[in-house]
Amino acid sequence: MRTKLIVANWKMNYSVTEALKFLAAFHREINEIENCEVVFCPPFTALYAMEETLEGTPFKVGAQNMHWEDSGAFTGEISPFFLKEMGVQYVILGHSERRQLFGETDGEINKKLMAALHQNIIPIVCVGETDKEHKEGKTFDLVNLQMKKALEGQNKTDLPNIIWAYEPIWAIGTGKNATPEQAQEVIQSMRKELSKTTNAPTAETMRILYGGSVSDEKAKGFLKQPDIDGFLVGGASLNPQKFAGIIRATQRPQ
Ligand code: PEP
């Protein structure tokens, strides 16, 4: 059985002080988790303080991006090696905001994925279509193409370590979700593609998340779908009560 995974993408929100204040409030809501992993992805500046504060708890820390080289003349970039040394265990790659606002290409995402796997940082690779592509019925082809380009040339033995996130761009930060059934259909097709790149039993072990305006009220509906293994959460992850509510949706009723 695949362990559920809930990832908080804080984007460019929360200074170190604010991040620690969030954690204090979050710990008042939830301390123990069962059959579920939770990863906080704060801005780079808060990673170290969060690592220290969360040590000994079941909660983990991830980065929102990284460069593909370990060092060099890349002003303003962050190395996978630096992240690994700091104890960062996960990294979000290819988020639609990086693709759309910063021009990140499939080729760059491919190199970042290779670098993350090389450093044993678990990559969470985002794929998803725009509103226009959605309306034109291109979702399945586009998502498959993004996956294919990310996977080109990767070492086959590393592929089971990749986590995927289906994030329809029209649902990010808009309050509009894909329905659980729509998300299930796309994620099921992603798993089918992965079974071709790897094999069916391996694809069954790989985790695929949904992201796009997930809230504590809506989480349960998505989790009923057989192929949805958790969430990448933006807006709602900035609120300790709402984020704890999403995590509670993964827990067995007491
Ligand atoms: C995201 O940025 O990955 C995201 C899913 O954001 P939101 O939950 O705010 O739609």
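Keep in mind it's a predicted model, so treat the numbers as computed, not measured.

## A few points about the site of the ligand
- Near the ligand you find 14 residues, and of these Lys11, Glu167, Gly173, Ser213 and Gly235 are the closest.
- Taking Asn9, its side chain carries an N or O atom lying 3.5 Å from an oxygen atom of the ligand.
- A distance of 2.8 Å separates an oxygen atom of the ligand from a polar backbone atom of Gly234.
- In isolation the ligand offers 290 Å² of accessible surface; the protein chains occlude 96% of this area.
- A per-class count over the shell around the ligand returns four nonpolar, eight polar and two charged.

## Some words on helix 7 (residues 139–151)
- Helix length check: helix 7 (13 residues) gives 18 Å between terminal C-alpha atoms against 18 Å at 1.5 Å per residue, within 8%.
- The elements touched by buried residues of helix 7 are helix 4 (96–101), helix 5 (106–118), strand 5 (122–127), helix 6 (131–135), strand 6 (163–166) and helix 8 (180–197).
- Of the residues trailing helix 7, Gly153 is marked for its positive phi of about 75°.

## Let's talk about the sheet that holds strand 3 (residues 59–63)
- What the eight strands build is a closed barrel, ordered 1-2-3-4-5-6-7-8; its pairing is parallel. When the angles between neighbouring strand axes are averaged without regard to direction, this sheet yields 25°.
- Here two bridges tie strand 7 (residues 208–211) to strand 8 (residues 230–233), and the two strands are oriented parallel to one another. Following the sheet pairing, Gly211 is matched in strand 8 by Leu232.
- Sheet strands touched by helix 5: strand 4 (90–93) and strand 5. Its angle to strand 5, the strand with the most contacts, is close to 160°.

What counts, and where the lines are drawn
Residues numbered from 1 in each chain as written. Predicted model: local features only at pLDDT ≥ 70, side-chain atom pairs only at ≥ 80, totals over all residues. Heavy atoms only, no water. Near = heavy atom within 4 Å. Polar contact = N/O pair within 3.5 Å; in protein donor to acceptor, adjacent residues only side chain to side chain. Areas by Shrake-Rupley, 256 points an atom, 1.4 Å probe, with all protein chains shown as cover. Nonpolar A, V, L, I, M, F, W, Y, C, P; charged D, E, K, R; others polar. Helix = DSSP H or I, 4+ residues; strand = E, 2+ residues; numbered from the N terminus. Expected span 1.5 Å × (residues − 1). Contact = heavy atoms within 4.5 Å. Pairing = 2+ DSSP bridges. Axes fitted to C-alpha atoms, helices over the stretch in contact; angles between N-to-C directions.

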